[in-house]
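Single-letter residue listing:
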Amino acid sequence: MDTKARSRKVHLILNGKAAGNDALRVAIVQQREVGHRIDVRVTWEKGDARGFASEAEEVDLLIAAGGDGTLNEVVHGLMDLSIDGRPALGVVPLGTANDFATGCGIPRDPEKALTLCMEGRALPIDVGKANDHWFLNVASVGFGAEVTAATSPELKRLLGPVAYAVMGAILAINVHQYHGRLTMPDREITGSGPVAIVGNGRQTGGGVQVAPRARIDDGLLDVLVVRHIPATALLTAARELQQLSPDGEYISYWQTPWAEVHPDEEIPVNLDGESVKFSSVRYEAVPSAIRLIVPPHCPLLSATLS
């Protein structure tokens, strides 16, 4: 083994709910046996992961072991550091949906994921910004945020990713229409609709592809807007969903470095599984904000690794 690799300072931030994961424990022991030094920090309550990450300026590699929410907190902690002080980020997916990790092609198996963290290559990727909040994967506005916020932890545990679809079906009976203005560098749109997605990554809700053209290293955010679709327009909307044009009547799709949403009322926004509310919000892509360890054929990169 490379001496330099052995001498790296590695911190693993583990979501306390997954602290009893035997597969991860075995994987950590195996990595230590071959010479890697891995210090484990276990979270106890909300905010711990961000705190641990914000103290990692002297660390070479920071590993987030948990779900999308844990990863989001770790990214917030990394962004608290100066850009030169941010360690490389690795991910061991242990949550319910693991949307960002799955989209990147990071293995679900803890042993394989940890091996990738220790041996893989870190590349610069973008981070999304929503006012003063950060997101690595997807920001969902309106109905999409309501679905995630209304899905209880018990339902998630019982049904897994299917829980999002179940709650979505329940809420779809009475979807609230949000009216407002969407502004981008080259256009301004006024209207109403139940769903708006801003993606740095591609999928949310346990595997639903909401921003299928998104790349995490292109300096752009992908914006999907779904307006109210009357029953008579379902076929038209289905075609627009396949085409994903900027000019769709019911479903529109854009790629942009920034977008602003100015609603007529406060809107719920879900950032990588964390729910917040905004009276207005500016989304931005922050290029090359962190370095992420990804597999060689990561589908979210503009070019695959050689």
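Residues numbered from 1 in each chain as written. Predicted model: local features only at pLDDT ≥ 70, side-chain atom pairs only at ≥ 80, totals over all residues. Heavy atoms only, no water.

Colleague: Is there a simple way to think about the confidence of the model for the protein in this case?
Modeller: A low pLDDT means the predicted coordinates there should not be read in detail. Averaged over every residue, the pLDDT of the protein is 86; residues scoring 70 or more account for 84%. Low pLDDT (under 50) marks residues 165-174, which in the prediction has 12 contacts with non-local residues, meaning those over four places away or in another chain. (pLDDT = per-residue confidence, 0-100. Contact = heavy atoms within 4.5 Å.)

Colleague: Would you explain the packing of aromatic side chains in this entry?
Modeller: Each aromatic ring pair is described using two quantities: the centre-to-centre distance and the angle formed by the ring planes. Counted under the stated rule, the structure contains one aromatic pair. Centre to centre, the rings of Phe-135 and Tyr-283 are 6.3 Å apart; their planes meet at 85°, and the pair counts as edge-to-face. With Phe-135 in strand S6 (residues 133-135) and Tyr-283 in strand S18 (residues 281-294), this residue pair connects regions lying 148 residues apart in the sequence. In terms of burial, Phe-135 and Tyr-283 fall into one category: buried. Taking NZ or CZ as reference, Arg-213 lies 5.3 Å from the ring centre of Tyr-253, over its face. Above the ring of Trp-258, the side-chain terminus of Arg-282 is found at 4.5 Å from the ring centroid. (Phe/Tyr/Trp six-rings, centres within 6.5 Å; stacked < 30°, edge-to-face > 60°. Helix = DSSP H or I, 4+ residues; strand = E, 2+ residues; numbered from the N terminus. Buried < 20%, exposed > 50% of the residue type's maximum accessible area, 1.4 Å probe, protein only. Lys NZ or Arg CZ within 6 Å of the ring centre and 35° of its normal.)

Colleague: I'm lost on the nonpolar core in this one. Help?
Modeller: In summary, soluble globular proteins display a tendency toward joint burial of nonpolar side chains. Core analysis: the largest hydrophobic core is formed by 52 residues, its most contacted members being Ile-63, Val-74, Leu-89, Val-92, Phe-100, Ile-290 and Leu-292. Val-74 has contacts with Ile-13, Ala-49, Ala-53, Leu-62, Ala-64 and Leu-89, leaving out every residue within four places of it along the chain. Counting residues in each nonpolar core, the second largest holds 23 residues, with Val-141, Leu-221, Val-225 and Val-281 among its members. (Core = buried A, V, L, I, M, F, W, Y, C linked by side-chain atoms within 4.5 Å.)

Colleague: In this structure, what is going on with the environment of His-133? I would like to understand it.
Modeller: Looking at the secondary structure, you find His-133 in strand S6. It is 8.3 Å that separates the C-alpha atoms of His-133 and Leu-271, two residues lying 138 residues apart in sequence. Those residues within four positions of His-133 in sequence are excluded, and the remaining contacts are His-76, Gly-128, Leu-271, Val-276 and Phe-278.

Colleague: Looking at this structure, I do not really get the packing of helix H2 (residues 22-33) against helix H6 (residues 110-119). What am I missing?
Modeller: Pairs of packed helices are described in terms of their axes, by the angle between the two and the distance that separates them. At a minimum axis distance of 8 Å, the contact between H2 and H6 shows a crossing angle of 35°. The handedness of the crossing between H2 and H6 comes out as right-handed. Together, Ala-23, Leu-24, Ala-27, Ile-28, Gln-30 and Gln-31 of H2 and Pro-110, Glu-111, Leu-114, Thr-115 and Met-118 of H6 make up the contact between the two elements. Residues belonging to the contact of H2 with H6 are distributed by class as follows: seven nonpolar, three polar and one charged. (Axes fitted to C-alpha atoms, helices over the stretch in contact; angles between N-to-C directions. Left-handed = near helix turned anticlockwise from the far one by under 90°. Nonpolar A, V, L, I, M, F, W, Y, C, P; charged D, E, K, R; others polar.)

Colleague: Is there a simple way to explain unusual backbone geometry in this structure?
Modeller: Trans peptide bonds make up the majority, and among non-glycine residues the majority have a negative phi. Even without being a glycine, Asn-98 presents a positive backbone phi close to 50°. Topologically, Asn-98 is positioned in the loop between strand S4 (88-93) and helix H5 (99-104). Of the residues examined, Asn-98 reaches a relative accessible area of 2% and is grouped as buried. For Asn-131, which is not glycine, the phi torsion reads 55° and is therefore positive. With respect to the helices and strands, the residue Asn-131 is situated in the loop between strand S5 (121-130) and S6. For Asn-131, a relative accessible area of 28% gives the class partly exposed.

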